[in-house]
Amino acid sequence: MITLETARVDVLIDAEAIAARVAQLAKDIQHDIGDEPILLVAVLKGSFVFLADLCRHFGSNVSLDFLQVSSYGDGTKSSGIVQILKDIDQSLEGKNVVIVEDIVDTGATLAHLRELLWLRQPKSLRIVALLNKPETRKVDIRIDYVGFEIPNQFVVGYGLDIAEKYRNLPFVGVLHPEDLS
Ligand code: PRP
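The sections below set out a description of the structure shown in this document. Residue positions are counted from 1 within each chain, in the order its sequence is given. With the structure being a predicted model, the display of local features is reserved for residues of pLDDT at least 70 and the display and counting of side-chain atom pairs for 80 or more, all residues being used for whole-chain, interface and lining totals. Side-chain calculation: all heavy atoms of the structure are included, whereas hydrogens and water are not.

Digging into the nonpolar core
Short version of the rule: Throughout this description, the term nonpolar core refers to a set of buried Ala, Val, Leu, Ile, Met, Phe, Trp, Tyr and Cys residues connected via side-chain atoms within 4.5 Å. Under the scheme applied here, a residue whose accessible area is under 20% of the maximum for its type counts as buried, over 50% as exposed, and between as partly exposed, the area being computed with a 1.4 Å probe on protein chains only. Runs of E in the DSSP output that reach at least two residues are strands. Runs of H or I that reach at least four are helices, and both are numbered from the N terminus. Contacts: residue pairs with any heavy atoms within 4.5 Å of one another.
In this structure, Ile-29, Leu-40, Phe-50, Leu-54, Val-128 and Leu-131 are the most contacted members of the largest nonpolar core, which totals 31 residues. Only helix 1 (15–33), strand 3 (38–44), helix 2 (48–55), strand 6 (96–104), strand 7 (124–132), strand 8 (145–149) and strand 10 (172–175) provide two or more residues apiece to this core. With six residues, helix 1 is the single largest residue contributor to this core. Here Leu-54 is in contact with Val-22, Leu-25, Ala-26, Ile-29, Leu-40, Val-100 and Val-128, once residues within four sequence places are set aside. Membership of the second largest hydrophobic core comes to 20 residues, among which are Val-97, Ile-99, Leu-117 and Ile-127.

Laid out in structure tokens, this is it:
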């Protein structure tokens, strides 16, 4: 357990395990797409650390872009309403696109994004998620590459936050329930 100011965080997945898994995910993606250009599209903000590590396992055939969607906030978590706050800067037509997510919870965000991005006629559209919480799924969504399956616990670190804190932790951790407020 690590104590960060007032909050206690248990390490769920350490930096070494993340690094090894991220390397393997990149290998799997590269293997499936081959030598063709790959466009990694990170869903901000949570996936910025994952993207930074993932992209450095590729060669010069990779390019990057970003989008940001609205978070629903607690009250509307189940509504599945997702709005684009920042769109991708380029056309996806004919490209091998990989959506990069930090975590899949209900699946609503990715289900919406997959539908939206398919309309832009990429050659292929895949999803890589570092973390997957199968217990909380509400929308059926195929995730092509999963880093780790995790239980239904509130996780922070490696890009994931609570009220914008802890994104910079080098590991994925679980906050003690009494420190969540
Ligand atoms: C998280 C995560 C996904 C989404 C997953 O983002 O990065 O985008 O929630 O949830 P879902 O499967 O229930 O749709 P968040 O709203 O926390 O925003 P952030 O990445 O900016 O922290």
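Considering the environment of Leu-119
The residue Leu-119 is located in the loop between helix 3 (108–118) and strand 7 in this model. With relative accessibility at 69%, the residue Leu-119 sits in the exposed group.

Describing the pattern of salt bridges
Operational definition: Should a side-chain nitrogen of Lys or Arg be within 4 Å of a carboxyl oxygen of Asp or Glu, the pair is scored as a salt bridge.
For the structure on display, the rule yields nine salt bridges. Here Glu-36 and Lys-123 are joined by a salt bridge, their closest N and O atoms 2.8 Å apart. Remark: Lys-123 occurs in the loop between helix 3 and strand 7 and Glu-36 occurs in the loop between helix 1 and strand 3; sequence separation between them is 87 residues. Classification of Glu-36 by relative accessible area gives partly exposed; the value is 32%. Among the ionic contacts, a cluster of salt bridges with common partners joins Lys-45, Asp-161, Glu-164 and Arg-167.

Quick look at the sheet that holds strand 5 (residues 84–86)
For clarity, the cut-off: When DSSP finds two or more bridges between two strands, those strands count as paired. The convention used is that axes are lines fitted to C-alpha atoms, helices contributing only their stretch in contact, and that angles between N-to-C directions extend from 0 to 180 degrees.
Pairing is mixed in the open sheet, where six strands are placed in the order 5-4-3-6-7-8. For this open sheet the edge positions go to strand 5 and strand 8, each flanked by a neighbour on one side alone. Taken over all neighbouring pairs, the strand axes of this sheet differ in orientation by 30° on average, direction set aside. Relative to strand 5, strand 4 (residues 62–69) runs antiparallel, the two being bridged by two bridges. Paired with Val-69 across the two strands is Ile-84, which belongs to strand 5. Of the strands in this sheet, strand 3, strand 4, strand 6 and strand 7 are in contact with helix 2, which crosses strand 3 at around 160°. Along the sheet, helix 3 makes contact with strand 3, strand 4, strand 5, strand 6 and strand 7, crossing strand 6 at roughly 170°.

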